[in-house]
Every structure is written in C-alpha cells, then in structure tokens.
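# Observations on the model geometry
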Amino acid sequence: MTQPPTPPTPPWEPDMTGVSADATAEQLAALATTRPDLWSEISAHPNSYDGLRSWIAESSRAAANGGLDADATMTAASFEEATRTVAAADFEQTAVASNFERTTVAGNLTPPAAVGPDPASFPGMGDSAPPFAPPSRNWMPPGGTLPDVAQMPPPPQAAMPAYPAPAAFGPPPVGPAPTPFGAAPDPGSRPKSKSKKWIAGGVAAALAISGGGVALALTDTWPFGESGLGGGSAASRVAQGDAAPTFAQGIEEKWSVSGSDLGSEARLLGYLPRMLGQINVAERSDQPVLLDPGVLLSFRPDSQPGDVPASWALLDPKTGEPKWIEEGLGYGNACASNAESTEATCVTSFVAGSELVGFDADGLTMQEPSQAGSVQLFKKGWQVVGDTSSVRYDRAGKEVGSVAGVGDSGARFGNSGSTDCVWISGGETVSYVGAGCAGPEDEILGDFETFNWAVVGDERPVILIDSDSRTTAFDAGTREQLWSKTGTLPGWYQAPQLVKRDSGDGVLVWNEGQQSVAIVDVETGDEVKISTTASDRNIAVAAGQVLAFSGNSERTLSSVEVFDGETGDELYAGSFPEVTDVAEVVGGPNGVLFSHYFCDDCSTAEGSHSLDSYTFMGPANNSDGTAQTAGSVSIPDTITIGCPADTILLAWAEFADGWVLVCGVSTTEPTFMAYQGPDSSKVLYSVGAQNPTSADAKAAVDWDAGLSRYIAELDGGDRVTLDYDIGTAVRRDSVERKTIEQQRFVRYVFVPLGESVRTVTDTAQEDGAFDVQAPDDTADDQVRYMIEVLEKAYAGRALVKDALPKLEYCTASAGGYSDTVSAMEAVRDNRAELLSSLDAMPVDRVPEGSALLDDLYAAIEASHRANIEYVAWAEAANASGCASLSSKGARAAASSDAPKERFASRWNRAVAPKFGVRTFDAWYI
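These notes cover the structure that comes with them.

Cut-offs applied
- Per chain, residue numbering runs from 1 following the sequence as it is written.
- Totals for whole chains, interfaces and linings use every residue, but because this is a predicted model, local features are given only for residues with pLDDT of at least 70 and side-chain atom pairs only at 80 or more, for both listing and counting.
- The side-chain numbers reported here are obtained from all heavy atoms of the structure, hydrogens and water having been left aside.
- Strand pairing follows a simple DSSP-based rule, namely that at least 2 bridges must link the two strands.
- Put simply, DSSP marks the helices as runs of H or I at least four residues long and the strands as runs of E at least two long, and each gets a number from the N terminus on.
- Interaxial angle, 0 to 180 degrees, is taken between N-to-C directions of lines fitted to C-alpha atoms, where a helix line uses only the stretch in contact.
- One side-chain nitrogen of Lys or Arg within 4 Å of one carboxyl oxygen of Asp or Glu is enough to make a salt bridge.
- Partly exposed describes any residue whose relative accessible area lies between the buried limit of under 20% and the exposed limit of over 50%, with all areas from a 1.4 Å probe on protein chains only and scaled to the type maximum.
- Two rings from Phe, Tyr or Trp (for Trp, the six-membered ring) form a pair when their centres are within 6.5 Å of each other. A pair whose planes differ by under 30 degrees is stacked, one over 60 is edge-to-face, and the rest are tilted.
- Lysine NZ or arginine CZ positioned within 6 Å of the ring centre and within 35 degrees of the ring normal marks a charge as sitting over the ring.
- Remark: nonpolar core denotes a set of buried residues (Ala, Val, Leu, Ile, Met, Phe, Trp, Tyr, Cys) joined through side-chain atoms within 4.5 Å.
- When checking whether two residues touch, look at their non-hydrogen atoms; a contact exists if any pair is within 4.5 Å.
- Disulfides are defined as cysteine sulfur pairs within 2.5 Å.

## Description of the sheet that holds strand β19 (residues 399-404)
An order of β16-β17-β18-β19 is seen for the four strands of this open sheet, with the pairing classed as antiparallel. Of all the strands in the sheet, just β16 (374-378) and β19 have a single pairing partner and so form its edges. Between one strand axis and the next, the sheet turns through 25 degrees on average, direction left out of account.

## Details of the pattern of salt bridges
In this structure the tally under the stated criterion is 28 salt bridges. We note a salt bridge from E584 to R284, for which the minimum N-O separation is 2.8 Å. Of this pair, E584 sits in strand β36 (residues 582-587) while R284 sits in the loop between β7 (279-281) and β8 (289-291), and the two are 300 residues apart along the sequence. This pair shows no difference in class: E584 is buried, exactly as R284 is. A salt bridge links E848 to R906; the shortest N-O distance between them is 2.9 Å. Of this pair, E848 sits in the loop between α13 (818-838) and α14 (849-880) while R906 sits in helix α16 (residues 897-910); the two residues are 58 residues apart in sequence, bridging distant segments of the chain. Ionic contacts of the salt-bridge type, sharing partners, join the residues E848, D855, R902, R906 and R909 into one network.

## Some words on the packing of aromatic side chains
Enumeration over the complete set of coordinates arrives at 27 aromatic pairs. On the numbers, 5.1 Å between centres and 90 degrees between planes, the contact of F549 with F594 is edge-to-face. With F549 in strand β33 (residues 545-550) and F594 in strand β37 (residues 592-597), this pair connects stretches of sequence that are 45 residues apart. Looking at F594, the relative accessible area reads 0%, which means it is buried. Measuring from centroid to centroid gives 6.0 Å for F655 and F745, while their planes differ by 10 degrees, and the two rings are stacked. Linking F655 in strand β39 (residues 648-655) with F745 in the loop between β47 (739-744) and β48 (747-750), this pair joins segments that are 90 residues apart in sequence. The exposure classification of F655 matches that of F745, with both residues buried. An aromatic cluster is built from F655, Y675, W703, Y710, Y724, F745, Y748 and F750, whose rings are joined through pairwise contacts. The ring of F378 carries the charged tip of R392 above its face, separated from the ring centre by 4.4 Å.

## Considerations on the sheet that holds strand β14 (residues 354-360)
The sheet built from four strands is open, its strands ordered β12-β13-β14-β15 with antiparallel pairing. Looking at which strands have only one partner, the edges of the open sheet turn out to be β12 (331-337) and β15 (363-370). Strand-to-strand, the axes of this sheet are offset by a mean angle of 20 degrees, without reference to chain direction. Where strand β13 (residues 344-349) meets β14, six bridges bridge the pair, whose relative direction is antiparallel. Its bridge partner being in β14, T348 is matched across the sheet by E355.

## Some details on the nonpolar core
One finds F903 and W907 to be the most contacted residues of the largest nonpolar core, which totals 35 residues. Counting only elements with at least two residues in this core, the list comes to α11 (779-797), α13, α14, α16 and α17 (912-915). The element best represented in this core is α11, accounting for nine residues. Setting aside chain neighbours within four positions, we find F903 in contact with M786, L790, L852, D855, L856, F920 and I925. L557, V562, Y572 and A674 belong to the second-largest nonpolar core, a separate cluster that totals 34 residues.

## A closer look at the state of the cysteines
Evaluation of the coordinates by the stated rule reveals four disulfides. Paired by a disulfide, C335 and C346 hold their sulfur atoms 2.0 Å apart. Across the disulfide from C335 to C346, rotation about the S-S bond amounts to roughly 110 degrees, and the bridge is consequently right-handed. Remark: C346 occurs in strand β13 and C335 occurs in strand β12; sequence separation between them is 11 residues.

## Some words on the environment of C810
Positionally, C810 belongs in the loop between α12 (799-808) and α13. Taking C-alpha positions, C810 is 7.7 Å from A883, a pair spaced 73 residues apart along the chain. Look past the residues within four positions of C810 in its chain and what remains in contact with it is Y817, G881 and C882.

Right, dumping it as structure tokens:
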C-alpha cells in the first residue's frame, strides 16, 4: 500500500490567535473548519484561494441564519450523481485531499482511514468528519498516472449534522495552492482552459473515497466556484438558470446614459487618447468596465471645479438603472477585471495621492492606499505597475510583495515623456523593451521603438507588444517569444479584447491592409481569420462572440456582423436602428457599449475627444437566440433582423426588392416596424424602435382591424401603410404626401388575421374599396381596379349635386335641412373611404402610377376637408334656417381643383390610350 506524504504540522496551535504568514493553502482550509473567528484573516491571506473565500462567505451567511443554508447544500443523491458524471471524464491531472490516505489495489480505490489531527481535538467538532483540506498541487499517485476513476466505489450516504458547528457548513472546497511570491513559475503546471476539468476530477475522486459524513456546501458553480468545471460567469449563469447571451438573432439598444441621468449636474468621465507618446500601456483612463453584473463607470457628481471626489456606479445591463452608487472616491486612472468579469479593481487618484479600490455586484469591496500606475491581474489578486516598482496585492487589497524595475516604467509614458527603453512587469518577472535597452540579452524582449503593450492572464501571463503594424506575444515568465502576427490590437488604446474559448483564450488582432480581424490563440498563435470591412474601433468581443459594426460612416452605426469566437463562422448579419456620434465600441459579458463624443465641433482637440454618454447594445430576442412570435409563425431568412426583446412577431412581408417586419407587445398593439425598401441596404425603423415598449413606440404604429392595415410613422417622418386585403406597402412623405415607393407583397403574414403565408395571387380573391374586386399583379388589372373605384366613388358623391343648391340659396327654414345633413355626411364618408383606399391602391405597374396616386391623393384629401365643412354648413343651416360655408371649407374646395386637373390630364395622356380605357374630366373626380 502506497500513501501520499502526510501534510506538515500546521505552524500554529488551534487556540492560538492570528494566522501565520507562512500558512499553506491546505493549512488555511484546515484552520477555516475550526476557527470561524479567523475567517476574515484567512480570506485576506495571500495563500488563500477563491473557492475557500466563497466557502467562508457561504458559511458566514449560513451561521447568521442559525444553521446550514439548505439551498447551498448538495444532497446525497445529487452528490452521487455529480460523482458519476465527473468520474466519466478523461482526466489529465488530479488533486486529492492530502489529509486522506489513498490506497491503490489493482486499479481500484478503497476507502482510506483519515490521517491528520483527531477531529475531537478541535473545539466544536465533536464526532464530525475530519476537516476536508484542499489538495496538494504536486502529489500524484505512484507512476504519475491515475487509476481508473470510473471504478471508484460510490460515496457513502452523507449524514446531516444535528447541530450547527463550523464543520456543519461543509468542508472548504478544493483549490490549488498558489505559488509563493518570488518562486519560479512552472510553465507546465497551468492547464489550458480546455483542461479545467482536472479540478473537478480531483474533487470527485477525493469525495468518493472520503467516507465523511459532512454535507457539501456549494458555491455558484460546480464544482466550487471559478476554479471548477466550466468556471466563471458562464457557469454561474447556467447554475442560476440563465442562458449565456447570444447575438445569433441580432442586437438591439437596451439603454443609453448621460451624466444628467445620474445627477442634474453630473458628467460622465471618458476620454479618447490623442497625440500619445511612442510607448503606451493598453489601458485607458476613465474607460467604463463591462462586468457580468453590469457596467462600472465613474462620473463627476457636480459642476464644482477643483479636486472634487468622483462617484462610481454599476449600471444594470438590462435596464441601465444604477444598482449602486459609491461616492467620494478618486478618479479612475486604470482598471482591470478578474477572469470571470465579476469584479474590478481600479487605481484612482486625487491631487493628494492614489488609492486601490475594488468593486463587485454589491458595491465597494476595498479601498486602500496605493501607488499610481497600471493595474494587472496577478495570481487571483492584483498588481499595480508604477514608476519604480510593481506592487502586488491580494484580493482584499493587502500588499503582499513587490518587484523593482530599473530605469523607466512603460506604465507612465503617455503624451508626457519619451524614452528608448522601459521595464515591463509581467507576473513575477521584469522584462525590458525598446531600441536603447542595455543589459542581459535574456531580459530584453526586443528593440521595438514605438509600441503599445499589455499583459493578459494571471497564472501564466503573456505580454503583448503592438508595434504599429505587428503584434508579438511573449511568455512573461520565460520571456520566450510565442508568436508574431501582422496587425495591431484594435481600438483606441483599449485593453486587449479576449475571446474566452474552450480551446484556449484568443486575442483579436486587426489587419488593416487585409480588412480582417484574426482571433489569435494567446499561447500558441493559432489563428482564425474573419473578413470584415468594419473599422477597428468598431470591433468588439461580447459573450465569446466577435461583433463587427458598420454604417454610413465610422461614427454612424446601423449594421452588425456576428462571428463565432471558436470557429469564426458568421452567425448573423443584419441591421438595427441607427446610432450616431459613436466614438468607439467596447465589449463585455452581456453586450457592447457605444461611447459618444461630448461634442463634435469643439474648438479644442481635448473637447472633441471627451466622452459624456454611452449606449448599451445587447442581444435581440430576449438574449436566448429564439425569436418570439404570437404563434407558430417564424421570420424568413430574407429578413435580416428579429423582433426586439419584450415584443412578439405580428407581421412580415417580402417584396420583390425588400421586406417589412412588424412586432408589438400584443396582437392588437404593434410598437415596432422595420422597413427595407427597394435598391437600398438601409433599414428604416418606426419612431421609438430603440425602446419598443415605450409610449412613443406605441403611438408610432397602429393596427386598423377594420381596414386590416398597419400604419407606422418612421423615424424620419415618412409614413408606411401595409394593407392585408390588397397586399401593398406604400411609403409616403408625411409633409407633402408624395409617394416615395409602393410595392406589392410577394409573400406575407399578418398574425391577427391568420398564420398561413399568403401571396399576391391570394389578394385577387379579396374585395377592395367600395366592394370592388382587388386586382391581380398586372398593369391591366390595376388600371381596371382604379377605374371601378373612381366610378363607385363618383356614384356615391352624386348626392352633393342636389344638396348644394338648397344650402346656397337657403330654400328651407330651420329644421328643414335634415336630409341635406344626411347627404353631406354620406358624401363626407364617401371621400373618406376613397382617401383610405388610396393608401393601399396598387399602381406600381401603371405608367406614372406614383404621380397619378399623388395627384389623386392631394385632390381627395382636399375634397375630404371641404366635405367636413359642408357637413358643418348643413348642420348650421338646419339649426338657424340659413348659413354660409366656412372660409376653411371654401379654401379646401378650391385647393382640390388643381390636383384634379393634373390627375385627369396625366391619366388621359399616359393611361387611357395605352390601355384603351375611358378618360376622366376633372369635375368627375
């Protein structure tokens, strides 16, 4: 029987106060099970780890509630199922609890006896199971391979403790012991992202053989928070029942924010760099940080000059509303987020000095004095690279070490200085970069003269050097060059845009000459190319996908291409309501942030590079990639967008050249229309489309059930009418009433009228205006339809001939005009029906059809206004015996003459002789 080495004796006694600075991760976990009074010190210890901190936080909450938190406890059944699931994986490595004996017999594992301190010797433990310590990173079974995990015996039934005690909250989760500061990095010890499952395997193995009766407390991921299988915010979403965001159905505006939204005199802080020096860190002052729980940004709370404390806010990614606001902090110099994007740490400054401040979903997590500099991840903590040294901090902001650099630091060169050699801290190694560097060659990365630099990764950092037209990656620990590619890091000196992938994290590299962006594996240099014409400032990574935005200019964006971050395949290409004055695009876990210029015509370059508003764009269709409909109707592939979130599909139609889409909050309340007309790639949207549940959006689109029509006001003033019976779409200028375009539907669906797809052939079976049979899709039949409608309209209008003389000559006394009132009302309604029919009358195949329709519309619209006044005239005469037509009515009647003449002349010249049909006189219209 072979045993792993027994863990060393802890360098403290159980009743001793304080925690030794030399305590290992294993010892911290053991102490945490017996000394809840030291939990805060253990959490802040440099050798602590995220899983242990999460366990302490969960246990603290459970203790405050008087016992074990049932929602965070794994049952025996789920424990067994998880063990079976993980045991089936192909493990690359394992970690087991070092205070358990492991026996290997012919490839099988047998439950061992516990080793280490007697549980009864710890206060409050009684007969509970021994503490479950974290794994020793270096231990492996004899021969360096694992026995067949699938042959492990099932775990014994877990017994729930009957009383609250430290051990009743479950053992601390397994987690890797971090390498002590100053130790040489182990390049081979860090598995790639695709290999994270080894941790889960080690946990399953240790639990399967533990024989303990301790309930297992879970964090928000399985297993054990960010270090576990799948890890990070994506795993957290799955555990909480939330689907990871996808942009496969498009993108839409979720909210926008400016300074005034956070206070009447508040101003958001942001700046686009200009005229920078030859060496710069790719980390921007004042740039918002996109986290999983929201968008973190700083703002000036009032207009007072001087060193006014800044305020910080976390905005909800769905609504833009502040989740919290922290006041009285410094202004952001640089920020970095953790690998899971759940928290951020920033160096902030006042005139008097700098601070290191941390934020998460609940607000401020730390606030400690710090040097000024650039912030980087460092072994689950942080480091601030300043002028002369790189200072390391744990997650609680406690300083735990530092290294010094010789000469100038690359963290401080903006537009204020120049140098020909700088030192750069990556992880625990200082390297030198520049054309004038002297010293040991193995410490110099290269002789780059002008470059931007950044460090990505924490346990095995990689230094990225962007030297104008080429990006080169170096292993920060060994200084080995990993790869070099033609291209630059996209954006205005933004932090590198990383794509989290199962195959290994990738970084975007923009090649302007090839108009393409490549996703380059950070460690191997393997690349996936994506072809796009988008500007590099308008390319971002969001939720593991690459989004490339474009529009009429770099500053006006209205379309997006979405690419899979793993394969580079295009997932979506389409349009959205135009967003203007966009300075740049930054991506995050839930979407992308468009920043906007403070002013576009400032007198100074500084003003024109200031930012003071942001627009957040998130996934369309409720973030889950499924288009909502009112029934089983789906949107055809020819339509390049989907319904916005919180709306349902109400109608779509395809034209010979273009399409239209209608969505709404219910089948009777449309709120959104998107329209793409002929010979145009630009999509037009109804008013309020950016917020399709707002009052403006509801007022902009109307469903006329009686006429079976949608009528929408577009965001430029035009009006679009979609008619179900006739099968037409007419877009008309709202000021001059000119027909901009008219198209017949090729295929269409109006959900309130059924979910079967109709064609233009189906419309010929319908009745149009005045019960005239609707036309088929030919010029002859459209001419026939127009003639019959005008003839029916004239027959109904003939009543006015008998009514007008009676009114003009006052031939009856009071009460004697009731028949005249009825006649005038009938004529008014006749004009209204004819006017309504013109909104859908198909003339797209008739010679000069649009001009004929415009003349006719102008004539009938004026005639209708006159007839409304005629009704009032008749009512006044019936009341008093005599009355006069209003001047308003007289002007309307007179204004109808000219368009009637134009219509008759155009018809008699362009239509009547060509089709051999009747002519019209102006008085007939």
